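Spelled out from the first residue to the last, the chains are:
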Amino acid sequence: MISTPDFLASLNTSQRSAVEHFCGPLLVVAGAGSGKTRALTYRIFHLINHHKVHPENILAVTFTNKAAREMKERIERLFSQKIAFEKYQKPLDALTSQEQTALRSKVYRTVIKPLWIGTFHSLFSRILRYDINKYQDEQGRTWQRNFSIFDESDTQSLVKNITTKQLNLDDKKFNPKSVRYAISNAKNLGLSPQDYAQENSNYRGRVIADVYEEYQNQLAANNALDFDDLILVPVRLFQQNDTVLGYWHQQFRHILVDEYQDTNRIQYDLVRLLATNGEPKSEQWNWEQRSVFVVGDADQSIYSFRMADYTILLGFQEDFGDNLPDTETQTMVKLEENYRSRENILQAANYLIENNTHRIDKVLRPTRGSGEQIYCYRGSDEQAEARFVVEQIVALTTENPELNWGSFAILYRTNAQSRNFEEVLLQANISYLIVGGQKFYDRKEIKDALAYLRVIANPADTVSLLRIINTPRRGIGRTTIDQLMQAATELNVPLWEILSDETSVNAIASRASKAIHQLAKMIQEYQLASQDQGAAAILDGIMEASGYLDNLRTQGTDEADNRVSNVLELYNAMTQFEEENEDTSLQAFLASASLASDLDNLEEGTGRVSLMTLHSAKGLEFPIVFMVGMEQGLFPNARAIQDPLSLEEERRLCYVGITRAQEQLFLTYTQERRLWGYREPAVPSQFLAELPEELISTNVRKARKTRKTKGSGTPSEEIVWQVGDQAVHQVFGLGQVTHVLGSGKKTNLAIQFDIGRKIINPRVTDLIKMD
Ligand SMILES: Nc1ncnc2c1ncn2[C@@H]1O[C@H](COP(=O)(O)OP(=O)(O)OP(=O)(O)O)[C@@H](O)[C@H]1O
Ligand SMILES: [Mg+2]
């Protein structure tokens, strides 16, 4: 008889005590790579498995959507394993593949789907879908539950329209970008336009407050929110309406937050309101069957430019803990072992961060052998630097069969630094992934498709309606559109109300009226259909009915073909969304698309070198890390050199970078770099000098020049794939090809794996075709 394994056996004593903590507040503080995220993940499993907490009563906040997805996968694995033992007395792997699939999809449905795991933005946009109709802002503006979420480009153009067209402001004095930034900051501090005007009583402040006020009017007129509203509106709603707050307070009995050092005041208010039902601090807080569990590392706080504030983490125990009935109750756990990095890497990181004055000292002990020295390399210029990095990647993969391209990360301070690395990687025929490059959802055709869907879901969304009114061309000219808009503005109604009324259209638009009627009729049909059809079906229908896809198909250029495959990829993303989520409505999908952050790449990153900024690397780990551009003025950046507090934040960023590396770390800088168009001599970063000399080697072994490219088995490139083929993927295991998307060099495969459908590029991902 095989007994069920102890699932917490892979945790150390401190992690275990954090995981087993049941009710009341708990703060886990610890350095990088000490298993904080792991403890948080296991605690969710333990709450459900051991304490029998219902998954829908758990709210877990992650920093990215990707982290949320990984956490769900992990918890699903643990549960499937547990059930395999209980039901079959066997480990999961020993079951037949049918048994595994059936078991795992049941776990997904019953345990994972009902969990509330995601970023602050995605979780609270979901809550607003239920309750925003009960909210009113200080000027009496209201929103409906089918609200649109405007992204940065939508909000930018709203602001620009207000500053240049409505208020006739000078573009140079009131640069729309900086005005938008000021509004966003105001929202992050919880300031309304009136509050803002009070705090900034000079001319500029008053003007920005006016723009802010008008910006709010327009958001409301479009029944739209911006990203900041997704946090600010719930806070205000909870403060206004006890019933709504009471409902969600009851629902979320256990609240967990990862990366707590990077929360800002408004996000903190949300956590505090939900956990305490808005009661003032007193002995009334009832911690029975309820907990707040946060994990973080003040040394990794790197988002102060988004108002993140690590003193919130430092204040946690006082905020939540000092009025507990039982003073013996534990409110803090420290983790002191690092499981990620080799000792040399860890020592360097610890040494560096000690240069910061604003910190609490903590212990971080290595558990792994010392490993190689840290290599420091100086290239003559940025091209030599890129060549060096790529040569090392080639040499290391050739020498070490366990490494593949996915084992490497190149981390830089600013996005612009990626170009040289991309060029050399391309020449060497090495596939790479830019994390945080152009978002899938920012591509023109995807924005067009989403605009159609947004108009169907929320006809008041005039911004989206204007985007598609004559896309593809249907003979509705600029003058007609202006006249329709003018009527809408004068009557103070959404454009849709004019456009969908035959009589009004006939009166305003003579020649184009037939085309407008057709458009309105088509949108109405799909509005009706969306009441009982899933989001993917609606996309499919409207893209054909509107002639959007036909228009691209007849163009016959590579670019147009590419756009068609992107729309198909969107379709696939939607079917995947429908499989993974409880709420499959159009609104729910649109929210998830708006919130797909630039760190979530739709395509798979396995088997590719990752390129990203140091900020994007938070929470991640890679066997081999290159930190490039280690130069004064670049890293630390020029502003920070003048300002001690910013310098400390740059140093924390450097600490984050170093601690991403598991096996080996490379630091590179140049003798001379082209910056802002000029060639300038470069000065090595002061952070290099802060590392202990004995850990650093400047004697980088010569990389062997080799042309060998890596990839196991037959290169996937030569395989011709068909629907129905069986494919084995390194990570996802065995799957079946359900669609071949695009053609020739652009072919992508949709493959159904146990964990769900994925779109895979067979030219960059190793796939084995089964006979
Ligand atoms: N008790 C343990 N035994 C073995 N490995 C562990 C243990 N705890 C964590 N790990 C491993 O150590 C690595 C780092 O863990 P994790 O990502 O949870 O750390 P973290 O504290 O969240 O790091 P960061 O501060 O960078 O977010 C992971 O690969 C994880 O699987
Ligand atoms: Mg973590």
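What counts, and at which threshold
- Residues numbered from 1 in each chain as written.
- Chains lettered and ligands numbered in written order.
- Predicted model: local features only at pLDDT ≥ 70, side-chain atom pairs only at ≥ 80, totals over all residues.
- Heavy atoms only, no water.
- Helix = DSSP H or I, 4+ residues; strand = E, 2+ residues; numbered from the N terminus.
- Rg over C-alpha atoms; globule rule 2.2 N^0.38 Å.
- Contact = heavy atoms within 4.5 Å.
- Areas by Shrake-Rupley, 256 points an atom, 1.4 Å probe, with all protein chains shown as cover.
- Lys, Arg positive; Asp, Glu negative; His and termini not counted.
- Charge placed at Lys NZ, Arg CZ, Asp CG, Glu CD.
- Polar contact = N/O pair within 3.5 Å; in protein donor to acceptor, adjacent residues only side chain to side chain.
- Domains from an automatic or database assignment.
- Pairing = 2+ DSSP bridges.
- Axes fitted to C-alpha atoms, helices over the stretch in contact; angles between N-to-C directions.
- Buried < 20%, exposed > 50% of the residue type's maximum accessible area, 1.4 Å probe, protein only.
- Salt bridge = Lys/Arg side-chain N within 4 Å of Asp/Glu carboxyl O.
- Near = heavy atom within 4 Å.
- 1 Å grid on protein atoms, 1.4 Å probe; cavity = no way out; pocket = protein on both sides within 12 Å on 5 of 7 lines; lining within 4 Å.
- Points joined across faces, edges and corners; volume = space filled by probe spheres on them.
- Nonpolar A, V, L, I, M, F, W, Y, C, P; charged D, E, K, R; others polar.
- Expected span 1.5 Å × (residues − 1).
- Parallel < 35°, antiparallel > 145°, perpendicular 65-115°, else oblique.
- Left-handed = near helix turned anticlockwise from the far one by under 90°.
- Patch = residues over 30% accessible without salt bridge, like charges linked within 9 Å, V, L, I, M, F, W, Y side chains within 5 Å.
- Phe/Tyr/Trp six-rings, centres within 6.5 Å; stacked < 30°, edge-to-face > 60°.

Novice: Please clarify how the overall build of the chain should be interpreted in this entry.
Specialist: Counting secondary structure elements, the chain contains 30 helices and 24 strands. In terms of C-alpha radius of gyration, the chain reaches 27 Å, essentially the compact-globule figure of 28 Å for 771 residues. With respect to the three principal axes, the spread of C-alpha positions in the chain is 80 × 70 × 70 Å. In the chain, once contacts between residues fewer than 6 apart in sequence are set aside, the share between residues at least 24 apart is 75%. For the chain, the accessible area works out to roughly 34500 Å², and carbon and sulfur atoms hold 47% of it. Charged side chains of the chain number 85 positive and 100 negative; the gap between the two group centres comes to 3 Å.

Novice: Could you clarify how one ought to interpret unusual backbone geometry in this entry?
Specialist: Excluding glycine, residues mostly carry a negative phi; peptide bonds, for their part, are mostly trans. For the peptide bond that leads from T471 to P472, omega is -5 degrees, which places it in the cis range. For P472, the position within the fold is in the loop between α19 (462-468) and α20 (478-491). Note that the residue after F635, namely P636, is joined by a cis bond; omega there is 0 degrees. For P636, the position within the fold is in the loop between β15 (622-627) and α28 (638-642).

Novice: How should the side chain of K82 be read in this particular structure?
Specialist: Position of K82 relative to the elements: it lies in helix α3 (residues 65-88). Here the side chain of K82 touches N49 through a polar contact of 2.7 Å, side chain to side chain. Once residues lying within four places of it in the same chain are set aside, the contact partners of K82 are F7 and N49.

Novice: Mind showing me how you'd approach the domain arrangement of the chain here?
Specialist: For an interface, size is often stated in terms of accessible area lost upon the parts coming together. Taken domain by domain, the chain comprises domain 1 (13-121 + 241-335), domain 2 (139-236), domain 3 (336-438 + 598-704), domain 4 (440-596) and domain 5 (705-771). Between the C-alpha centres of domain 2 and domain 3 the distance comes to 38 Å.

Novice: Can you help me understand the sheet that holds strand β13 (residues 432-434) in this one?
Specialist: What holds strands together in a sheet is hydrogen bonding between their backbones, with the strands either parallel or antiparallel. Spatially, the seven strands line up as an open sheet ordered β13-β14-β12-β15-β16-β11-β19, and their pairing is parallel. On the outer flanks of this sheet lie β13 and β19 (696-697), each paired with one strand and no other. The pairing of strand β12 (residues 408-412) with β15 spans four bridges and is parallel. If you follow F408 over to β15, its bridge partner there is I624. Along the sheet, helix α15 (residues 343-353) contacts β11 (374-379) and β16 (661-670); its crossing angle with β16, the most-contacted strand, is approximately 55 degrees.

Novice: Any chance you could explain the side chain of N356 here in plain terms?
Specialist: Looking at where N356 falls in the secondary structure, it is placed in the loop between α15 and β10 (365-366). Accessibility expressed as a relative area gives 5% for N356, which makes it buried. In this structure the side chain of N356 is engaged in a polar contact, spanning 3.2 Å, whose partner is the backbone oxygen of E648. Excluding residues that lie within four positions of it along the chain, N356 makes contacts with E648, R651 and R652.

Novice: Just to check I follow, could you spell out the pattern of salt bridges for this structure?
Specialist: Side-chain pairs of opposite charge can arise where the charged atoms are in close proximity. The full count for this structure, using the stated rule, is 46 salt bridges. The closest approach of N and O atoms between E337 and R365, which form a salt bridge, is 3.1 Å. Residue E337 is located in strand β9 (residues 337-338), and its partner R365 is located in strand β10; the two are separated by 28 residues in the primary sequence. The class of E337 is partly exposed, set by a relative accessible area of 21%. Across the salt bridge formed by R553 and D550, the nearest N and O atoms sit 3.0 Å from each other. Of this pair, R553 and D550 both sit in helix α25 (residues 548-555), three residues apart, which is roughly one turn of that helix. With a relative accessible area of 40%, R553 lands in the partly exposed category. On the basis of relative accessibility, which here comes to 40%, the residue D550 falls in the partly exposed class.

Novice: What am I meant to see in the site of ligand 1 here?
Specialist: Taken together, 19 residues lie near ligand 1, and Q15, K36, T37, E621 and R660 sit nearest. G33 is positioned with one of its backbone polar atoms (N or O) 2.9 Å from an oxygen atom of ligand 1. Here an oxygen atom of ligand 1 sits 2.8 Å away from a polar atom, N or O, in the side chain of R660. Considered on its own, ligand 1 offers 640 Å² of accessible surface; in the complex 83% of this is hidden by protein.

Novice: Explain empty space enclosed by the protein to me, please; I cannot follow it from the model alone.
Specialist: Going through the model one piece at a time under the given rule, you end up with three cavities of 30 Å³ or more. Considering only enclosed or pocket space, the largest cavity measures out at about 90 Å³ in volume. Y135, Q216, D229, L232 and R236 are, among the 13 residues lining the largest cavity, the residues nearest its centre. Of all the secondary structure elements, the ones that give two or more residues to the lining of the largest cavity are α9 (203-221) and α10 (229-240). Considered class by class, the residues forming the lining of the largest cavity number seven nonpolar, two polar and four charged. Roughly 60 Å³ of internal volume is contained in the second largest cavity. Forming the boundary of the second largest cavity are R129, N146, F147, S148, I149, R454, A457, N458, Q587, L590, A591 and S594.

Novice: Just to check I follow, could you spell out the pairing of strand β14 (residues 609-613) for this structure?
Specialist: Residues in a regular strand project their side chains so that they alternate between the two faces of the sheet. Burial analysis of β14 places five of its five residues in the buried class, which makes it a mostly covered element. Two strands pair when backbone bridges link them, and β12 and β14 are joined in this way by four bridges, in the parallel orientation. Counterpart to Y412 in the pairing with β14 is T613. Relative to β14, β13 runs parallel, the two being bridged by three bridges. In the strand pairing of β14, I434 is matched with L611.

Novice: Mind showing me how you'd approach helix α23 (residues 513-529) here?
Specialist: Every α-helix winds through 3.6 residues per turn, so residues three or four apart in the chain are directed the same way. Here α23 is 17 residues long and its end C-alpha atoms lie 24 Å apart, about the 24 Å a rise of 1.5 Å per residue gives. Those residues of α23 that sit buried are S513, A515, I516, L519, A520, M522, I523, Y526, Q527 and A529. Residues of α23 that are buried in the fold lie against α18 (444-457), α19, α20, α21 (495-499), α22 (502-508) and α24 (535-545).

Novice: For this particular structure, what's the right way to read the packing of helix α5 (residues 120-131) against α10?
Specialist: The description of two helices packed together rests on the angle between their axes and the distance between the axes. Taken N-terminus to C-terminus, the directions of α5 and α10 make an angle of 50 degrees; their axes are 9 Å apart at the nearest point. One way to sum up the angle between α5 and α10 is to call them oblique. Viewed along their axes, α5 and α10 form a crossing whose handedness is left-handed. Residue-level inspection shows F120, H121, F124, S125, I127, L128 and D131 of α5 in contact with α10, the latter providing D229, L230, I231, V233, P234, L237 and F238. The class makeup of the residues in the contact of α5 with α10 is ten nonpolar, two polar and two charged.

Novice: What is the right way to look at a nonpolar patch on the surface in this model?
Specialist: Together, L734, I768 and M770 give the surface a local cluster of nonpolar side chains, amounting to about 270 Å² of exposed area. Exposure remark for I768: the relative accessible area of 47% places this residue in the partly exposed category.

Novice: Explain the packing of aromatic side chains to me, please; I cannot follow it from the model alone.
Specialist: Describing an aromatic ring pair means giving the distance of the ring centres and the angle of the ring planes. For the structure shown, the criterion picks out 25 aromatic pairs. A centroid spacing of 6.4 Å and a plane angle of 65 degrees characterise the contact between W287 and F320, whose relative ring orientation is edge-to-face. In this pair, W287 sits in the loop between α12 (265-276) and β7 (291-296) while F320 sits in helix α14 (residues 316-321), placing the two residues 33 residues apart along the sequence. In this structure W287 comes out as buried when scored by relative accessible area, which is 11%. Centroid distance Y377 to F388: 3.8 Å. Interplanar angle 5 degrees. Geometry classified as stacked. A residue pair is termed long-range when its members are at least 10 positions apart, and Y377 in strand β11 and F388 in helix α16 (residues 382-399) qualify at eleven residues. Overall, Y377 belongs to the partly exposed group, its relative accessible area being 23%.

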